[in-house]
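# An overview of the molecular structure
Here is what each chain is made of, one letter per residue.
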Amino acid sequence: TAGVTAAGVLLVQHFYKGKGVKPKVNLDLQKDNPKVVDAFDIEDIGDKAVYCRCWRSKKFPYCDGSHAKHNQVTGDNVGPLIMKRK
Ligand code: FES
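I will try to describe carefully the structure that is included in this document. None of the values given here were measured: they were computed from a predicted structure.

Cut-offs applied
- Residues numbered from 1 in each chain as written.
- Predicted model: local features only at pLDDT ≥ 70, side-chain atom pairs only at ≥ 80, totals over all residues.
- Heavy atoms only, no water.
- 1 Å grid on protein atoms, 1.4 Å probe; cavity = no way out; pocket = protein on both sides within 12 Å on 5 of 7 lines; lining within 4 Å.
- Points joined across faces, edges and corners; volume = space filled by probe spheres on them.
- Helix = DSSP H or I, 4+ residues; strand = E, 2+ residues; numbered from the N terminus.
- Nonpolar A, V, L, I, M, F, W, Y, C, P; charged D, E, K, R; others polar.
- Phe/Tyr/Trp six-rings, centres within 6.5 Å; stacked < 30°, edge-to-face > 60°.
- Buried < 20%, exposed > 50% of the residue type's maximum accessible area, 1.4 Å probe, protein only.

### Points about the layout of surface pockets
Remark: the empty space left among the atoms is shown by a probe the size of a water molecule rolled over them. For the largest pocket, the calculated volume is near 580 Å³. Contributing to the lining of the largest pocket are 22 residues, with T5, A6, L27, D28 and R56 lying nearest its centre. Breaking the lining of the largest pocket down by element, the ones donating at least two residues are α1 (6-16) and α2 (66-74). Element by element, the count of residues in the lining of the largest pocket is highest for α2, at five residues. In terms of residue class, the lining of the largest pocket is built from nine nonpolar, seven polar and six charged. Put simply, the second largest pocket is a space of about 320 Å³. Around the second largest pocket sit 15 residues that line it, and L10, L11, Q13, H14 and T74 are the ones nearest its centre. Going through the elements one at a time, α1 and α2 are the ones with two or more residues in the lining of the second largest pocket. Looking at which element gives the most residues to the lining of the second largest pocket, the answer is α1, with five residues. Taken together, the residues that form the lining of the second largest pocket break down as seven nonpolar, five polar and three charged.

Following this line, the structure appears as structure tokens:
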């Protein structure tokens, strides 16, 4: 939906919380896809990979730091999944 910000959607979700409206985590990624799934072979990950868990990254499924703005705007506390070799 053009012109609707993630923060705006979250405000609406907060308003409707407890009123039978189910909030969504994914606001705008691959909306034509019935289920967004990303799979990686462990052997291909390399020494370190940082995956997005906030669904706001422009480089999804990788983290681009967008969680920081999301947390600031919403008061949320989400962050990435970091996989690294010992
Ligand atoms: Fe989503 Fe970092 S951008 S967890």
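### Here we look at the packing of aromatic side chains
Within a pair of aromatic rings, the relevant descriptors are the distance that separates the centres and the angle that separates the planes. Counted by the stated rule, this structure contains four aromatic pairs. Measuring from ring centre to ring centre gives 5.8 Å for F40 and Y62, while their planes differ by 55°; the resulting arrangement is tilted. Of the two residues, F40 is situated in the loop between α1 and β1 (48-51) and Y62 in the loop between β1 and α2; the sequence distance between them amounts to 22 residues. Residue Y62 is classed as partly exposed on the basis of its relative accessible area, which comes to 37%. Their ring planes at 25° and their centres at 5.6 Å tell us that Y51 and Y62 sit as a pair that is stacked. Of the two residues, Y51 sits in strand β1 while Y62 sits in the loop between β1 and α2, which places them eleven residues apart along the sequence. A relative accessible area of 10% places Y51 in the buried class. Here a set of aromatic residues connected by ring pairs shows up, and it is made of F40, Y51 and Y62.

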